[in-house]
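Secondary and tertiary structure notes
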Amino acid sequence: MLKAIRASMLLAVVMALLCSAQAQKKSTLAAGEFRISSVDVAVTYDLERAKIVGTTCVCFWLNGAGAEAAVNFQHGLSVVGSFYGDHNGDIMSGVGLSKLEYLAGPRYTVDITHYTDRYTARIIRKHSSSIFAEFLAGGSHGYESTFPSASGVTSSASSFAMQAGGGLNVDLSGNFGLRALEVDYLRTTLPNNAANSQNDLRIAFGITYRFSK
């Protein structure tokens, strides 16, 4: 668990530095070209609701941390990379589960709280809020658990992963913000002696920081 959280925070810093450098490079493009406007990074605490295979209501929660970097273009479009680490030490009869997900994909964001000054006709944003929707795909790695394999059982396995959902961001002072809520559908295909698929719900909240041009 602690290793997953440390890895998430370290990845957030690395992604922020790389994306910030790229944003500064792209900011020299001529006006009117498709260019990077800013880079957002976020660190979140997340909860993932999953279910024991072959049962109707034996569910459990994994908890952990997430980190992401979003490269923002014009018109609300972004490209996002994210990393999650989650853990539950006892999902069934002393069996635990730890998971890592690494995902990337497009995001669309809409500002929902700006208003126009009636004297200057300028758009003013004060502690503005925005909502976003995204679709991410990548991989999942489960470990410290029990997975069926050709040789019997193994303690780790990897699979495809996809995540679709959205959330609410609220600007705070400076370039800091609040990830007030994020809700996602997460699908993975780790082996489980049944359909070899998992359909989970992920809930997250945390803090954000924006690197402007």
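Scroll up for the structure.
Heads up: these notes are all about the structure in this document. (Residues numbered from 1 in each chain as written. Predicted model: local features only at pLDDT ≥ 70, side-chain atom pairs only at ≥ 80, totals over all residues. Heavy atoms only, no water.)

Judged by pairing direction, the barrel is antiparallel, and its eight strands sit side by side in the order S1-S2-S3-S4-S7-S10-S11-S12 before closing back on the first. Strand-to-strand twist across the sheet, computed as the mean angle between neighbouring axes with direction ignored, equals 25 degrees. Relative to strand S7 (residues 129-143), strand S4 (residues 95-111) is paired through twelve bridges, and the arrangement is antiparallel. Residue Asp-111 lies in a different strand from S7, and its bridge partner there is Ser-130. (Pairing = 2+ DSSP bridges. Helix = DSSP H or I, 4+ residues; strand = E, 2+ residues; numbered from the N terminus. Axes fitted to C-alpha atoms, helices over the stretch in contact; angles between N-to-C directions.)

For Asn-193, which is not glycine, the phi torsion reads 65 degrees and is therefore positive. Within the secondary structure, Asn-193 sits in the loop between strand S11 (176-188) and strand S12 (198-212). Despite not being glycine, Asn-196 has its phi angle at roughly 55 degrees, a positive value. As for its position among the elements, Asn-196 is in the loop between S11 and S12.

This part takes up the environment of Val-183. Inspection of the secondary structure assignment puts Val-183 in strand S11. For Val-183, a relative accessible area of 37% corresponds to the partly exposed category. For the pair Val-183 and Gly-165, spaced 18 residues apart in sequence, the C-alpha to C-alpha distance is 5.8 Å. Those residues within four positions of Val-183 in sequence are excluded, and the remaining contacts are Gly-165, Gly-166, Leu-201 and Arg-202. (Buried < 20%, exposed > 50% of the residue type's maximum accessible area, 1.4 Å probe, protein only. Contact = heavy atoms within 4.5 Å.)

Right, let's get into a nonpolar patch on the surface. There is a patch of nonpolar side chains on the surface, built from Leu-77, Tyr-108, Val-110, Ile-112 and Ile-131 and spanning about 420 Å² of accessible area. The residue Ile-131 is located in strand S7 in this model. Residue Ile-131 is classed as partly exposed on the basis of its relative accessible area, which comes to 39%. (Patch = residues over 30% accessible without salt bridge, like charges linked within 9 Å, V, L, I, M, F, W, Y side chains within 5 Å. Areas by Shrake-Rupley, 256 points an atom, 1.4 Å probe, with all protein chains shown as cover. Salt bridge = Lys/Arg side-chain N within 4 Å of Asp/Glu carboxyl O.)

We now examine the side chain of Arg-202. By the secondary structure assignment, Arg-202 is in strand S12. Looking at Arg-202, the relative accessible area reads 0%, which means it is buried. Within the local environment of Arg-202, its side chain forms a polar contact with the side chain of Glu-48, the two groups lying 3.1 Å apart. Of the polar contacts made by the side chain of Arg-202, one reaches the side chain of Glu-101; its length is 2.8 Å. Sequence-distant contacts of Arg-202, that is, excluding residues within four places in its chain, are made with Asp-46, Leu-47, Glu-48, Tyr-84, Asp-86, Glu-101, Gln-163, Glu-182, Val-183, Asp-184 and Leu-186. (Polar contact = N/O pair within 3.5 Å; in protein donor to acceptor, adjacent residues only side chain to side chain.)

Note that Tyr-102 resides in strand S4. Through-space distance from the C-alpha of Tyr-102 to that of Phe-83 is 4.5 Å; in sequence the pair is 19 residues apart. Not counting chain neighbours up to four residues away, the residues in contact with Tyr-102 comprise Ser-82, Phe-83, Ala-137, Gly-138, Gly-139 and Ser-140.

Moving on to the nonpolar core. Ranked by size, the top nonpolar core spans nine residues in total: Ala-50, Ile-52, Phe-60, Leu-62, Ile-91, Leu-97, Phe-147, Ala-157 and Leu-190. When sequence neighbours within four positions are dropped, the list of residues in contact with Phe-147 reads Leu-97, Gly-142, Gly-152, Val-153, Thr-154, Ser-155, Ser-156, Ala-157, Leu-190 and Pro-191. Core analysis: the next-biggest nonpolar cluster, separate from the first, contains six residues, Val-80, Tyr-84, Leu-136 and Ala-161 among them. (Core = buried A, V, L, I, M, F, W, Y, C linked by side-chain atoms within 4.5 Å.)

By themselves these figures say nothing about function.
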